[in-house]
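What follows is the residue order along each chain.
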Amino acid sequence: MDHARLANPGFAAARAEVDAARERVPPAGALPDPRFELELMDATNTMSGRSASLLPGQVGETRYRIVQPLPGWGKRELAVQAAQAQVGQAEAMRDAAWVELAARIEALWLRYHAADRERGLARDALALLQGLEALGLARYELGLLPQQTVLRMQREITAQRLALVDIEQRRQGLAAGLNGLLGRAHDAPLAAPADPDPLPEPLEAAALFEALASTNPEVQVAVNGIDLARAERERTYQDRLPDFAVGVTNNRPDEGKSSWDVMFEVMIPLQQSSRRAREREAEYLLMAAEARREDARARASGELGGAASMYARGRETLRLLDHTLLPQAQATRDASRAALASGTVDFDSVIEAERQLIDIRTRRLQTELETRLALAEIKKLTGEFK
């Protein structure tokens, strides 16, 4: 997680977008740049009878003017509020991007860990089957075992080897996926995964849904979207007020004394139909932002309910497997081996007992993986990935 926070390109882009949004706040409240104007009066020199000119001082009169636009009352403050709302939304989107990335990393890591454990189980099962094969061949040479039993053991060994190849390929693919999320080469080495923390006790649904309402990343993005839409609506309504400009002009006639003019300009907001349309647009955008928040809450609640149900079901299944089915399968396997030693059962019964134990261990591993994936989804929905 720490490496991905620094090296993942997608999250680096989200961080840069937040920095860019912060840099938009100071300019939002600044005055517009002043304008400099140069006006050449009587450029044809009709009054003086000289030839036309475009050079200052060689025309009838040269005017130098500086104009400073002034936004209407409160417009600069509202522009700052809108820029700050954009920062909040960018931060919420960055946090949501991190939660999504962290959840993907944890899910891939859990699958990588499960594949690593499954590979260990497959190797143990292959070693047991090979031991049975050696014993079976010895008995077959003594005429104590039919050929079809030996052939079945060899088929089981081949099937186990094929399963081991499939597990190894899947493990390598998951390692490549993890390296991709970490911004590393696809074949960069990864340490063997350590066992994750024990599964927590049954989760309280009320606490989960309460946390979702206040910390779910997608909901927070939608909430910040409402703040931004509300700020933009206030800016739109403020456009009903006029903007202003002030200026000074230095008049320099070709003959005569220089003089100064002072200018005051008012923008007249006459285009009411276009302003009303923009105001209606701002209202609709605010309505859309509020609807997106409710949609995000509803979708997140549904997903959380499904994940919590899957987690509870997985814990109960693991309890039954650990305390009932797995001990029974181990006892059956041990009893069949003891019976084989005493000659009361054949090799087929022992092979079948071994196969059942392998299947139950694999099922137990898959159930634990699904339960942990459900827990990771719960952590994602409740914003626990910080």
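Residues numbered from 1 in each chain as written. Predicted model: local features only at pLDDT ≥ 70, side-chain atom pairs only at ≥ 80, totals over all residues. Heavy atoms only, no water.

For the rest of this paragraph, the subject is the pattern of salt bridges. Tallied over the entire structure, the rule returns 36 salt bridges. When the shortest N-O distance is used, the salt bridge between D239 and K75 registers 3.9 Å. Taken together, the positions of D239 in the loop between α7 (217-238) and β3 (244-253) and K75 in helix α4 (residues 75-141) put the pair 164 residues apart, joining distant regions of the chain. A single salt-bridge network, built from bridges that share partners, covers R117, D322, R364, E368 and R372. (Salt bridge = Lys/Arg side-chain N within 4 Å of Asp/Glu carboxyl O. Helix = DSSP H or I, 4+ residues; strand = E, 2+ residues; numbered from the N terminus.)

This brings us to helix α5 (residues 147-181). Look at α5: 52 Å from first C-alpha to last across 35 residues, which is about the 51 Å you get at 1.5 Å a residue. One or two steps after α5, the chain reaches G183, where phi turns positive at roughly 70°. (Expected span 1.5 Å × (residues − 1).)

Another point: the sheet that holds strand β1 (residues 35-41). Taken together, four strands build an open sheet; the order of strands is β1-β2-β3-β4 and the sheet is antiparallel. Across the chains shown, the open sheet's two edge strands, defined by having one partner strand only, are β1 and β4 (259-266). For this sheet the average axis-to-axis angle between neighbouring strands, irrespective of direction, equals 20°. Two strands pair when backbone bridges link them, and strand β2 (residues 61-70) and β3 are joined in this way by ten bridges, in the antiparallel orientation. Note that in β3 the partner of E61 across the bridge is P253. (Pairing = 2+ DSSP bridges. Axes fitted to C-alpha atoms, helices over the stretch in contact; angles between N-to-C directions.)

The next point concerns a nonpolar patch on the surface. Together, F36, L38, I66, V248, W260 and V262 line one region of the surface with nonpolar side chains, adding up to about 690 Å² of accessible area. At the level of elements, β1 and β4 are the ones that each hand at least two residues to the nonpolar patch. Within the element layout of this structure, W260 appears in strand β4. (Patch = residues over 30% accessible without salt bridge, like charges linked within 9 Å, V, L, I, M, F, W, Y side chains within 5 Å. Areas by Shrake-Rupley, 256 points an atom, 1.4 Å probe, with all protein chains shown as cover.)

Moving on to the confidence of the model for the protein chain. Mean pLDDT over the protein chain works out to 90, with 98% of the residues at or above the 70 mark. Taken element by element, the protein chain is modelled with least confidence in helix α6 (residues 205-215), mean pLDDT 86, and with most confidence in helix α2 (residues 9-23), mean pLDDT 95. (pLDDT = per-residue confidence, 0-100.)

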